[in-house]
Amino acid sequence: MPGDLSVSVREVTTGLGFTYNGDLRTATASIVKVDIVIALLLRAQREKRALTASERTLAEKAIRISDNDAAGALWNEIGGASGLASANRRLGLRDTIPGGGGAWGATTTGAADQVRLLAALTSNRSALHASGRRYLRKLMADVTSEQAWGVSAAAGDGAQVALKNGWLPREIHDGRWTVNSIGLIRDAGRLFLVAAVSERDSTLEKGIAAVEHACASVVAALARATSSGRASQR
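Presented here is a report on the structure given in the accompanying data block. What you see is a predicted model, and the numbers here were worked out from it, not measured in a lab. (Residues numbered from 1 in each chain as written. Predicted model: local features only at pLDDT ≥ 70, side-chain atom pairs only at ≥ 80, totals over all residues. Heavy atoms only, no water.)

### Some words on the packing of aromatic side chains
Our working rule: Only rings of Phe, Tyr and Trp enter the pairing, Trp through its six-membered ring, and a pair is recorded when the two centres are within 6.5 Å. The plane angle decides the type: under 30 degrees is stacked, over 60 is edge-to-face, the rest tilted. Helix and strand assignments come from DSSP, with helices taken as H or I runs of at least 4 residues and strands as E runs of at least 2, each series counted from the N terminus. Only protein chains enter the calculation, and the probe is 1.4 Å; a residue is then buried if its accessible area is under 20% of its type maximum, exposed if over 50%, and partly exposed in between. Any Lys NZ or Arg CZ that is within 6 Å of a ring centre and within 35 degrees of that ring's normal is treated as a charge sitting over the ring.
Evaluated as defined, the whole model comprises 1 aromatic pair. Geometrically, the ring pair formed by Trp-149 and Trp-167 is edge-to-face, given 5.8 Å between the ring centres and 65 degrees between the ring planes. Taken as a pair, Trp-149 in the loop between α6 (130-140) and β5 (160-169) and Trp-167 in strand β5 lie far apart in primary sequence, 18 residues in all. For Trp-149, a relative accessible area of 12% puts it in the buried group. The ring of Tyr-135 carries Arg-56 above its face, with NZ or CZ at 4.6 Å from the centroid.

Printed below as a string of structure tokens:
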């Protein structure tokens, strides 16, 4: 039995976007680490200060190597679920519900909401200042090579990719896998915001393959639409 999957993509210049199976809500697993670091940056921004050396070390570990202990420390620092919820209200997220207690990976979300989160890393209208946006995009562009799957499958030769992935076998699904990927693709003068979330995959490998196929297919279709001039502002 195959898993369930949702994918959402937006091309920034034209505003053209597409979402498949938009009602699906899954656990974030480690993609929430992007959200946690944004919450950290917003807190520092509110306090009119730069990140401390310790905060930078934790943020870099959480994003580049998906370190869970680092994410847990940052989760506590931002105030846990209430701190993440507060940040998400500022970011305009609609469907992301923080996990309870220390269960940051049990945060639930939808693909379209993750595209809204990615927009906070690219838009001049974002609540997050430009320096914070650049900092986090740089971390996402430098994830360790063995974790650079997912959204990257949709990137052409010479494209720039910044991403974060999450993967988790879940007891409530009898050990089947939740596999997610979010990221940015800059290619031929266009910027794509891409998110794919899935659950109930029988293996991690099958989940990755499904996410990569979905990302590549949808980005290719949107690229053809924008190239042909059929895209319109929304």
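### Topic: the nonpolar core
Inclusion rule: Among buried residues, those of type Ala, Val, Leu, Ile, Met, Phe, Trp, Tyr and Cys that are joined through side-chain atoms within 4.5 Å constitute a nonpolar core. Contact criterion: two residues are considered in contact whenever any of their non-hydrogen atoms come within 4.5 Å of each other.
Membership of the largest hydrophobic core comes to 71 residues, with the highest contact counts inside it found for Val-34, Ile-38 and Leu-136. No other element matches the 10 residues that helix α1 (residues 32-46) contributes to this core. Not counting residues within four places of it along the chain, the set of residues in contact with Ile-38 comprises Leu-91, Leu-117, Leu-121, Leu-128 and Leu-136.

These figures capture arrangement, not role.
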